[in-house]
Amino acid sequence: MPGLITMDDLTNEEIISILDDAERLLPIAYGERYLPLLRGRILGNLFFEPSTRTRMSFETAMKRLGGDVINLGDVKNSSVVKGETLYDTIQMIDGYSDIIAMRHPRQGAAQYAADACKVPILNGGDGAGHHPTQTMLDLFTIRQAHGKLENLRVVLAGDLRYGRTAHSLSHALVRFGCKVIFASPKSLSMPTEIIADIVRQGGDVEETEDLLSEINQADVIYMTRIQKERFPDEDEYLKVADAYKLHARDLDDAKSEMIIMHPLPRVEEIHPSVDETRYARYFQQAFNGVVTRMSLMCWLLGVGVPGDVIAASEVIA
Amino acid sequence: MSVNEQSMRRVTAIRNGTVIDHVPGGMSLTVLKMLGIGGVMSNPVSLLMNVPSKKLVSKDIIKVEDRELNQNELDRLALVAPEASVSIIRAYSVAEKLTINLSDEMVNVARCAFSNCITSNSREPLPHRLLIMGRDPLEIRCHYCGKLQEINDLVERLI
Ligand SMILES: [Zn+2]
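Enquirer: I would appreciate a short explanation of the interface of chain B and chain A in the present structure.
Expert: Note on interface size: it is often stated as the accessible area lost on association of the parts. Contacts between the two partners involve 17 residues from chain B, matched on the other side by 17 residues from chain A. Inspection of the region where chain B meets chain A yields three salt bridges. Notably, a salt bridge pairs Arg129 of chain B with Asp115 of chain A, separated by 3.4 Å at the nearest N-O pair. Here chain B and chain A share 15 residue pairs in polar contact (both at pLDDT 80 or more) between them. Tallied by class, the residues present in the side of chain B that touches chain A amount to seven nonpolar, four polar and six charged.

Shown next as structure tokens:
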């Protein structure tokens, strides 16, 4: 069973339809109304490396829709440490659950798991590979703010070399005709093979080292964390990291509907003064992970989301 | 006598079996390994290595007696000997001519070269799968991790 392994598994039409479903499910995600579309279904959470946020987001999504969740538990105590293959672990969970969300340190693990089991797999990150549910929630957040995905000017900033979030989001954005600007220090620039891929897709991309001069024209600024470990010494890090920080005072001339996003956790790349501005959208973005994953699970399990969710659901007293 | 005829006569003709010609010079041992030929219990094999060639800089010729290789076995050689021409010999004459096809996918031919790929754990039981994404230039990606593969790396990781 295939599931969602990379964004290539979805057509643009499917992406839009899943985002439409997600939008209608918002009152359920907020906990205002109850709609047990997935009652009786079990999600197997298979996190081979810790990621509390992503795991909780999947778990909340399933429970809001009336389903249940089982967890692999702490990998340190599990059979995985005793040398069990991914194949064997998957065989077991395959029998216990109706859908599996997984994260694994090795690249290709999600595709491997999908080939090895009968229930759909939701890839929650495989090594430096793909993380399509993150991309879907990013797209949802952008569309929520702009009412569309087409022809926006999106600046991705910070560590673009190692950040898989930025890789897969930029692929998705150019599919919708967005202009993508990569703003990063030279040492952390977008890998050439990814740029080549995007250009081959017909994508319109630009590279710069100057984030601040991109602010005024941007529709979206997507910040990522620059990690200290990537630099030979502290001085080098401070010099570079300083140029990829946003402060409220930098935003005076930004377009009024511009949004600032971040996959979180942030360190210093977004100053708390930005939180109070109309541009900050990263906390909403994190919340959107729940509603997007609700919609994705319905889609993968073949459960239709009613056109009128309010009429189909009940108020939570 | 042409160069080709001369080289063909360097070894005796076989009665029944398979002749693989136009193997790139020096690659015949790899080819034999990939076909699982040459062990203690193997059929008789004649090898001709580094023969001058019009098509290639130099070529190897392999003759395997009493075994007819099938298309599937031969297609595994696409990585190392894409230009090879193959003759099935019956009663001293060419009964069939085969060429090597590069299929859309190579299953259990070579291992992905990316060190953090899930398939690098040799105990994982699913087959090694490489997808041919483009032919000119040759573009091969791992089915699992999606990484682009270098031919030279793959030749070192033949199964
Ligand atoms: Zn691989």
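On we go.
Enquirer: Just to check I follow, could you spell out the pattern of salt bridges for this structure?
Expert: Working definition: two side chains of opposite charge can pair if their charged atoms are close together. All names here are of chain B. Enumeration over the complete set of coordinates arrives at 26 salt bridges over all chains. Measuring nitrogen to oxygen at the nearest pair gives 2.7 Å for the salt bridge that ties Arg90 to Glu68. In this pair, Arg90 sits in strand β4 (residues 85-90) while Glu68 sits in the loop between β3 (58-65) and α3 (71-75), placing the two residues 22 residues apart along the sequence. Residue classification places Arg90 among the partly exposed positions, given a relative accessible area of 35%. A salt bridge links Arg129 to Glu105; its shortest N-O distance comes to 2.4 Å.

Enquirer: Looking at this structure, how should I read the confidence of the model for chain B?
Expert: A low pLDDT score tells you not to read the predicted coordinates there in detail. Mean pLDDT for chain B: 88, with 93% of residues reaching 70 or above. Scoring of the predicted complex yields 0.88 for pTM and 0.89 for ipTM.

Enquirer: What is the right way to look at the domain arrangement of chain A in this model?
Expert: Residues and elements named next belong to chain A. Examined at the domain level, chain A breaks down into domain 1 (7-130 + 289-315) and domain 2 (132-284). On the domain 2 side, the residues contacting the 30 residues of domain 1 number 18 residues. Buried area between domain 1 and domain 2, both sides added, is near 2,100 Å², and the carbon and sulfur share of it is 60%. The three residues of domain 1 that bury the most area against domain 2 are Met7, Asn12 and Leu19, which together make up 29% of that side's buried surface.

Enquirer: For this particular structure, what's the right way to read the nonpolar core?
Expert: Note on soluble globular proteins: their nonpolar side chains tend to be buried together. Within the largest apolar cluster, 61 residues are counted, with the highest numbers of intra-cluster contacts made by Leu25, Leu122, Met136 and Leu139 of chain A. In terms of residue count, helix α10 (residues 282-300) of chain A provides more of this core than any other element does, seven residues in total. Each of domain 1 (7-130 + 289-315) and domain 2 (132-284) of chain A gives at least three residues to this core. If sequence neighbours within four positions are ignored, Met136 of chain A has contacts with Met7, Leu10, Ile15, Ile18, Leu19, Thr292 and Leu296 of chain A. Core analysis: the second largest hydrophobic core is formed by 55 residues, Leu72 of chain A together with Ala78, Ala84 and Ile132 of chain B among them.

Enquirer: Sorry if this is basic, but what is going on with the packing of helix α3 (residues 52-64) of chain A against α10 of chain A here?
Expert: The relative placement of two packed helices comes down to the angle between their axes together with the axis-to-axis distance. Residue and element names in this part refer to chain A. The contact between α3 and α10 brings their axes to 8 Å, and the two run at 60 degrees. Our classification of the angle between α3 and α10 gives oblique. Relative to α10, α3 is oriented so that their crossing is right-handed. Touching Thr54, Ser57, Phe58, Thr60, Ala61, Met62 and Arg64 of α3 are Gly289, Val290, Arg293, Met294 and Met297, all from α10. Of the residues contributing to the contact of α3 with α10, the split by class is six nonpolar, four polar and two charged.

Enquirer: How do you make sense of the coordination of the zinc ion when you look at a structure like this?
Expert: Around a metal, the perfect tetrahedron of four donors has angles of 109.5 degrees, and the perfect octahedron of six donors has angles of 90 or 180 degrees. Residues and elements named next belong to chain B. The zinc ion binds to the protein through Cys112 (SG), Cys117 (SG), Cys142 (SG) and Cys145 (SG), with metal-donor distances spanning 2.3 to 2.4 Å. Coordination at the zinc ion comes from four donor atoms whose angles at the metal span 100 to 115 degrees, giving a geometry best classed as tetrahedral. Within one chain, the residues donating to the zinc ion are spaced in sequence as C-x4-C-x24-C-x2-C. Of this pair, Cys117 sits in the loop between β6 (105-107) and β7 (129-135) while Cys142 sits in strand β8 (residues 138-142), and the two are 25 residues apart along the sequence. The exposure classification of Cys117 matches that of Cys142, with both residues buried.

Enquirer: What is the right way to look at unusual backbone geometry in this model?
Expert: Most peptide bonds adopt trans geometry, and most residues besides glycine take a negative phi value. Cis geometry marks the peptide bond from Leu264 of chain A to Pro265 of chain A, where omega comes out at 0 degrees. If you trace the backbone, Pro265 of chain A turns up in the loop between β10 (259-261) and α10. Between Asp136 of chain B and Pro137 of chain B the backbone carries a cis peptide bond, its omega angle lying at 5 degrees. With respect to the helices and strands, Pro137 of chain B occurs in the loop between β7 and β8. Phi angles above zero are rare outside glycine, and Leu264 of chain A is one such case at about 60 degrees.

Enquirer: Explain the domain arrangement of chain B here, please?
Expert: All names here are of chain B. The domain architecture assigned to chain B consists of domain 1 (3-98) and domain 2 (105-156). Between the C-alpha centres of domain 1 and domain 2 there is a distance of 26 Å. The partner domain 2 presents nine residues to the five residues of domain 1 that form the contact. With both sides pooled, the region where domain 1 packs onto domain 2 buries about 530 Å², and carbon together with sulfur makes up 78% of that total. Seen at the junction of domain 1 and domain 2, the total is zero salt bridges. Inspection of the region where domain 1 meets domain 2 yields one residue pair in polar contact (both at pLDDT 80 or more).

What counts, and where the lines are drawn
Residue positions within a chain follow its written sequence, with the count starting from 1. Chains carry letters and ligands carry numbers; both start at the beginning, A for chains and 1 for ligands, and go up in the order they are written. Local features in a predicted model are, by the rule used here, given only for residues with pLDDT of at least 70; side-chain atom pairs are given and counted only at 80 or more, and totals for whole chains, interfaces and linings are based on all residues. Side-chain calculation: all heavy atoms of the structure are included, whereas hydrogens and water are not. The criterion used for residue contact is that any of the two residues' heavy atoms lie within 4.5 Å. Take a side-chain nitrogen of Lys or Arg and a carboxyl oxygen of Asp or Glu: if they are within 4 Å of each other, that pair is a salt bridge. Here a polar contact is recorded for every N or O atom pair within 3.5 Å, except that within protein the pair must consist of a potential hydrogen donor and a potential acceptor, and residues adjacent in sequence are included only if both atoms are side-chain atoms. Gly counts as polar in this scheme, as do all residues outside two lists: the nonpolar Ala, Val, Leu, Ile, Met, Phe, Trp, Tyr, Cys and Pro, and the charged Asp, Glu, Lys and Arg. Secondary structure elements follow DSSP: runs of H or I no shorter than four residues count as helices, runs of E no shorter than two count as strands, and numbering proceeds from the N terminus. The rule is simple: take the accessible area with a 1.4 Å probe, protein chains only, and divide by the maximum for that residue type; under 20% is buried, over 50% is exposed, in between is partly exposed. Every residue is assigned a pLDDT by the predictor, reflecting its confidence on a scale from 0 to 100. By convention here, the domain bounds are inherited from an automatic or database domain assignment. Each of two parts loses accessible area, computed with a 1.4 Å probe, when they are put together; buried area is these two losses added. Buried residues of nine kinds, namely Ala, Val, Leu, Ile, Met, Phe, Trp, Tyr and Cys, make up a nonpolar core once their side-chain atoms join them within 4.5 Å. Angles here are taken between N-to-C directions and fall from 0 to 180 degrees, while the axes themselves are lines fitted to C-alpha atoms, restricted in helices to the stretch in contact. The labels follow the angle: roughly parallel below 35 degrees, roughly antiparallel above 145, roughly perpendicular from 65 to 115, and oblique for the rest. By the definition used in this description, the sense in which the near helix is turned from the far one sets the handedness, with an anticlockwise turn below a right angle giving left-handed and a clockwise turn giving right-handed. Donors, by definition, are the N, O and S atoms found within 2.8 Å of a metal, the threshold being 3.2 Å for Na, K and Ca, and water is not counted, so a site can look incomplete. All geometry calls rest on donor angles, where a four-donor set with angles between 85 and 135 degrees is tetrahedral, four- and six-donor sets with opposite donors more than 155 degrees apart and all others between 65 and 115 are square planar and octahedral, and all else is irregular.

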